[in-house]
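# Commentary on secondary and tertiary structure
Listed here are the chains, written in short residue letters.
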Amino acid sequence: MLSFVLTLSGKSFAAEQAPQEAPAQPASSAPLAPSVVATHETRDTHFTALHGDLSFRVSPAGSATPDEPIRWNQLVYRDGQLVFGARESLGTILWETAIDLGNYAMRSLSLAAGRDANEVATLVMKRELIGHRGLQLVGDGRMDIATANPHFTGPLLIEGAELRLSEQGTLKKHPAVQVSAGGSFVIDNRDVQHVVNKRFNGGDLALSSGNFRFLTRNNAAALERIGTLTVGQGASKFEVSGGGPGKLGTTISIGKLSFAAPAAHLNFVASNGSDFSQNTTVKFLQKPELLHGVIPRTTVNGCDWATVDSHNQLRAYSGYETGSDKSWGPSVNAAPAGNLLVSADRSLASLKFEGEGLGGDDEDRNPLGRIVDLNNHTLTVTGAGIIATGDEFRHQLRGGTLTTTRDNYEIHVSGTGGLAIENTIITDGPNGPTGLIKTGDGELVFSSPKPPAPKVNDNSFTGDVYVNQGTLTLFRKRGSVHNIPGLNIYVGAGQGNARISVRGASEQINEKATVTLRGGPKGEAIFRLDRAQPPRGPRQTLQKLVIEGSGVIEFYSSYIGSGGETTDNTKSILYLGELEINGELIVRGWDKYNTHILIDSKEAPTEELISKIKFEGEYLNKIFVEKFYAKEKKKDYWEIKAEFEYIPPTYPPPPETPEPATTGALLATGALAFSMWHRHRRARKIRHEARCSA
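Residues numbered from 1 in each chain as written. Predicted model: local features only at pLDDT ≥ 70, side-chain atom pairs only at ≥ 80, totals over all residues. Heavy atoms only, no water.

## Looking at the overall build of the chain
Assigned secondary structure in the chain consists of 3 helices and 58 strands. As presented, the chain carries roughly 28900 Å² of accessible surface, and 48% of it is formed by carbon and sulfur atoms. (Helix = DSSP H or I, 4+ residues; strand = E, 2+ residues; numbered from the N terminus. Areas by Shrake-Rupley, 256 points an atom, 1.4 Å probe, with all protein chains shown as cover.)

Here's what the structure looks like:
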């Protein structure tokens, strides 16, 4: 590993290789420029370890001691960021100097994940952080704190990135950590045998589409205490590992569990596959509020509702009623042991779908799981909501009316099987407009049977819709049926991929609705038009499409051919009254014959707006707008289009390696890149979580 000393003088850096404890291997060591100067011209200061781990120690010119902390404004110009890592990097930066963040403002540090993002930390802080105003971590990389931080008392805000306490890393007593946008706060005890409340010291933790992970060795004793656990908007995860066989285990005590947003959801995950009933324990000092025996908006391993035992220890709920609907009631949590035909109007606290039904496939050839047929009756949900799990079977709730006494329908679907609410009218409850919150990585489908089956009326729930995780598919198989009559739809919150898909019939969303796509570093937010009934493609009109962070417009199965213009019925068309982009919009699956993005505006979209749009595909030449006359709307729109041009490859001789002193960006060829780069963020796909963990 190479080690460097950075000497600060005014607003520049001089970097030199530090003396090595052992002789370097000349056969494998790259030549090193004696010193390189980089300036603060771009406000942000960027460190990258391209091909291996690099150690940095920083000291101001004339410093009295080599271990003197470096002040933030000596590293960064005014309101800039410290930036660590790059997409192409393979190494970890080991930072050997304490950083004084100051006491005047919260500081921002950006982390970019390298090629081995799952295995390698972007940055390891070997010395302490100092300050009282806090630190914000953004990006998709990982920072490890490997030492005690007794002089850092500000809050820690983690947005998309990962902060890990490892080795000797601790925070001062009662810290405050907030995690959002798919970010993670990790306490890693795997390098020690036993640990007692050592890392977090009873701090408060807030998760808004964020993750907490507590890692220990199997068969090791680990105790940790959290003050208040607050769950905000979106789907969050609280994961505990360790415990293993034997008498020793992991215990986390939580002072209080609080929910701070209507669309909040928390999934407790035991990574050793247990249900928190063995050697992995989560205990609440203040008993959580229960609704009909379960903690609302909370699941265990994505498979069951959460509850507590008589000692306030977390448990997966197991008291389901498995018999006929005659045993149902407003305080009953039901999980039918087989297919069920409802015999009258019923009320339930919650309904769980799991396992195989009587076999067979639905009309779309999905293997069928549990089926609850409402038989033209009304089911009223009074408690936690609906949960469906499994990878093999598509469950069904069909043939009636669904309503609730709660403010939202809360539906959690995990696994690849999915849940179809078919031929069923979903209504507002007695308390007014009722919304929908979709969590879990599985698919929820609002569907109707094909003709000549009886026509299904519109859904009538008018509250906001949140697709926080997984997919909500609108699959009416005949026209003129509104699946979502409300005016606000929010897709994504940073915690895994989220998608809303219009499939089959057109205009399944209220034409006056606003759809907001909220993607981030750890998950895409997708609006899909899916041609499922060729040759006709779906059309959808929206009053407004808003992109927060990043978003994707996806045309699925949309390519027919390039042999000329096809008929109007084959086109998938998105009509927009307004397009607002606060970040980046990606267009996927587009082709010039069968897909259109149209904006209803007298003035052409601005160049600034167009500059925020990217079309996926090779040989992209330009993105532009032009007038388009929509026959079915009988008016002109502005169409957003792309032009692709094939450029034959050329094979020039490889360029010579630039001199480091010439570029001002290389300290060691093939070993180190140190330069001033503007911050750049990019959303990345992440894999779906396994069954019963989402």
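## Points about the side chain of Arg-476
Mapped onto the elements, Arg-476 comes out in the loop between β44 (470-475) and β45 (488-491). No salt bridge is formed by the buried Arg-476; its nearest oppositely charged neighbour, Asp-458, is found at 6.8 Å. Here Ser-447 takes part through its backbone oxygen, which lies 2.9 Å from a polar atom of the side chain of Arg-476. There is a polar contact of 3.0 Å between the side chain of Arg-476 and the side chain of Asn-483. (Buried < 20%, exposed > 50% of the residue type's maximum accessible area, 1.4 Å probe, protein only. Lys, Arg positive; Asp, Glu negative; His and termini not counted. Salt bridge = Lys/Arg side-chain N within 4 Å of Asp/Glu carboxyl O. Polar contact = N/O pair within 3.5 Å; in protein donor to acceptor, adjacent residues only side chain to side chain.)

## A look at the sheet that holds strand β9 (residues 99-100)
Each strand in a sheet pairs with its neighbour through backbone hydrogen bonds, running either in the same direction (parallel) or in the opposite one (antiparallel). Spatial ordering of the open sheet is given by β6-β9-β12, a layout of 3 strands whose pairing is parallel. Each edge of the open sheet is held by one strand with a lone partner, namely β6 (70-71) and β12 (129-130). Relative to β9, β6 runs parallel, the two sharing 2 bridges. Bridging across to β9, Arg-71 finds its partner in Asp-100. (Pairing = 2+ DSSP bridges.)

## With respect to the sheet that holds strand β51 (residues 572-576)
The 5 strands lie next to each other as β49-β51-β53-β56-β55, forming an open sheet whose pairing is mixed. Two strands in the sheet have a free side with no partner beyond their single neighbour: β49 (539-542) and β55 (620-630). Across the sheet, the mean angle from the axis of one strand to that of its neighbour is 20°, orientation sign disregarded. (Axes fitted to C-alpha atoms, helices over the stretch in contact; angles between N-to-C directions.)

## Some words on the environment of Asp-458
The topology assignment puts Asp-458 in the loop between β42 (443-447) and β43 (465-467). Sequence-wise, Asp-458 and Gln-508 are 50 residues apart; in three dimensions their C-alpha atoms are separated by 9.2 Å.

## Some remarks on the confidence of the model for the chain
Summarising the model, the chain shows a mean pLDDT of 83, and 81% of its residues fall at 70 or more. Low confidence marks residues 657-690, where pLDDT is under 50. Its contacts with residues over four positions away, or in another chain, come to 94 contacts. (pLDDT = per-residue confidence, 0-100. Contact = heavy atoms within 4.5 Å.)

## Topic: the packing of aromatic side chains
If you walk through the whole model with that rule in mind, you get 17 aromatic pairs. Taken together, a centroid distance of 5.2 Å and an interplanar angle of 55° make the contact between Phe-185 and Phe-200 tilted. In this pair, Phe-185 sits in strand β20 (residues 184-188) while Phe-200 sits in the loop between β21 (195-196) and β22 (204-208), placing the two residues 15 residues apart along the sequence. By relative accessible area, which is 0% here, Phe-185 ends up buried. Each ring, one from Phe-268 and one from Phe-284, has its centre 6.3 Å from the other, and the planes form 85°; the classification is edge-to-face. Residue Phe-268 is found in strand β27 (residues 264-270), and its partner Phe-284 is found in strand β28 (residues 280-284); the two are separated by 16 residues along the sequence. The burial state of Phe-268 is the same as that of Phe-284; both residues are buried. Pairwise contacts between aromatic rings join Phe-185, Phe-200, Phe-212, Phe-238, Phe-268, Phe-276 and Phe-284 into one cluster. Its end group placed over the ring of Tyr-556, Arg-528 keeps NZ or CZ at 3.8 Å from the ring centre. The ring of Tyr-575 has Lys-633 lying over it, and the distance from NZ or CZ to the ring centre is 4.9 Å. (Phe/Tyr/Trp six-rings, centres within 6.5 Å; stacked < 30°, edge-to-face > 60°. Lys NZ or Arg CZ within 6 Å of the ring centre and 35° of its normal.)

## Focus on the side chain of Lys-522
Tracing the backbone through its elements, the reader meets Lys-522 in the loop between β47 (514-517) and β48 (525-530). Despite its burial, Lys-522 pairs with no opposite charge; the closest candidate is Glu-162, at 5.8 Å N-O.

## Comments concerning unusual backbone geometry
Positive phi outside glycine occurs at Ala-181, with the angle close to 55°. Under the relative-accessibility criterion, Ala-181 is labelled partly exposed at 22%. Phi angles above zero are rare outside glycine, and Asn-423 is one such case at about 55°. Relative to the helices and strands, Asn-423 resides in strand β40 (residues 419-426).

## Here we look at a nonpolar patch on the surface
On the surface, a cluster of nonpolar side chains totalling about 250 Å² of accessible area is made up of Tyr-619, Leu-620 and Phe-644. Assignment of secondary structure puts Tyr-619 in the loop between β54 (613-615) and β55. (Patch = residues over 30% accessible without salt bridge, like charges linked within 9 Å, V, L, I, M, F, W, Y side chains within 5 Å.)

## Describing the environment of Lys-633
With respect to the element layout, Lys-633 can be found in the loop between β55 and β56 (635-644). A relative accessible area of 26% means that Lys-633 is categorised as partly exposed. Among residues more than four places away in sequence, those in contact with Lys-633 are Glu-507, Glu-511, Thr-541 and Tyr-575. At a separation of 3.0 Å, a polar atom in the side chain of Lys-633 contacts the side chain of Thr-541.

## Concerning the environment of Asp-100
Its location among the elements puts Asp-100 in strand β9. For the pair formed by Asp-100 and Ile-70, sequence separation is 30 residues and the distance between their alpha carbons is 6.0 Å. Dropping the residues within four chain positions of it, Asp-100 is found in contact with Ile-70, Arg-71, Trp-72 and Ile-130. One polar contact links the side chain of Asp-100 to the main-chain amide nitrogen of Gly-102, over a distance of 2.9 Å.

## Brief notes about the pairing of β42
For β42, the tally of buried residues reaches 4 of 5 residues, placing the bulk of the element in the interior. As defined by bridge partners, β40 adjoins β42 across 4 bridges and the pair is classed as parallel. Along β42, the bridge assignment pairs Ala-420 with Val-445. With 5 bridges connecting them, β42 and β44 associate as parallel partners. Paired with Phe-446 across the bridge in β44 is Leu-474.

## A look at the pairing of strand β23 (residues 211-215)
The buried fraction of β23 is high, at 4 of 5 residues. Relative to β23, β20 is paired through 5 bridges, and the arrangement is parallel. Looking at β23, one finds that Val-186 is bridged to Arg-213. In the sheet, β23 pairs with strand β25 (residues 234-240) via 4 bridges, with the strands oriented parallel. Bridging across to β25, Arg-213 finds its partner in Glu-239.

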